[in-house]
Amino acid sequence: MVCQAILKAYGGRLFTDTGNDGDAVLCFTLPSVKPNSVLIVDDDPDTADLYRRYLQNGNYDVKVMHSSENVPASLGGRIPDLILLDVLMPHRDGWKLLQWLKTVAETKDIPVVICSVLSQPHLALALGAAQVLHKPIAREELLQAVQNHLHRAS
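Rules used in this analysis
- Residues numbered from 1 in each chain as written.
- Predicted model: local features only at pLDDT ≥ 70, side-chain atom pairs only at ≥ 80, totals over all residues.
- Heavy atoms only, no water.
- Pairing = 2+ DSSP bridges.
- Helix = DSSP H or I, 4+ residues; strand = E, 2+ residues; numbered from the N terminus.
- Axes fitted to C-alpha atoms, helices over the stretch in contact; angles between N-to-C directions.
- Contact = heavy atoms within 4.5 Å.
- Buried < 20%, exposed > 50% of the residue type's maximum accessible area, 1.4 Å probe, protein only.
- Arc of directions from axis to C-beta.
- Salt bridge = Lys/Arg side-chain N within 4 Å of Asp/Glu carboxyl O.

**A look at the sheet that holds strand β7 (residues 131-134)**
Link 1 in the chain: The sheet built from five strands is open, its strands ordered β4-β3-β5-β6-β7 with parallel pairing. If you trace the sheet from one side to the other, it starts and ends with β4 (60-65) and β7, each paired once. Taking the axes of each pair of neighbouring strands and ignoring which way they run, one obtains an average angle of 20 degrees across the sheet.
Link 2 in the chain: As paired strands, strand β3 (residues 36-41) and strand β5 (residues 82-85) are joined by four bridges and run parallel to one another. Each residue of the ladder has a partner; that of Ile40, found in β5, is Leu84.

What follows is the structure, encoded as structure tokens:
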């Protein structure tokens, strides 16, 4: 009874089945863990692809966007757990997107890691960024930042 209650609390179940030899077998199920979602916003396809490859073995659901102006419309109920954001982009730069993200109730708590060649960490942090990484970014540096901020957010 206790095992059944614990499994039920986690969305699983306990049941019996019949094995190949006809004997009763005690079985249980547990739901799988949903991977954390990471949105990469960078106008350079090579850089975005590099970050995606860095993250691909870490059980992350990665989405890439090459324009910051399309981000608000594309979120529509699919709010990422973390955003990697370049700031030097045409049309709507990353600073404007960061400001928007931090003023909208649904997105204000998403950790945003600025990934830029610019060295303006004070501005980024003042606008609400969780961290600033200076390009070029090493694989371990990016993975550590993503893990740290996803761990804090959960």
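**Observations concerning the environment of Leu26**
Link 1 in the chain: On the secondary structure map, Leu26 appears in strand β2 (residues 24-29).
Link 2 in the chain: In this view, Leu26 contacts Leu14, Phe15 and Thr16; residues no more than four positions away in its chain are not counted.

**Examining helix α2 (residues 45-55)**
Link 1 in the chain: Turning to α2, its buried residues number three or more, namely Thr47, Ala48, Tyr51, Tyr54 and Leu55. Seen along its axis, α2 keeps its buried residues to an arc of 120 degrees; they face one direction.

**Remarks on the pattern of salt bridges**
Link 1 in the chain: Applying the stated rule across the entire model yields seven salt bridges.
Link 2 in the chain: Note that Lys135 and Asp42 form a salt bridge whose closest N and O atoms lie 2.8 Å from each other. Of this pair, Lys135 sits in the loop between β7 and α6 (139-153) while Asp42 sits in the loop between β3 and α2; the two residues are 93 residues apart in sequence, bridging distant segments of the chain.
Link 3 in the chain: For Lys135, a relative accessible area of 14% gives the class buried.
Link 4 in the chain: In this structure Asp42 comes out as buried when scored by relative accessible area, which is 1%.
Link 5 in the chain: In this structure, Arg78 engages Asp61 in a salt bridge whose closest nitrogen and oxygen atoms are separated by 4.0 Å.

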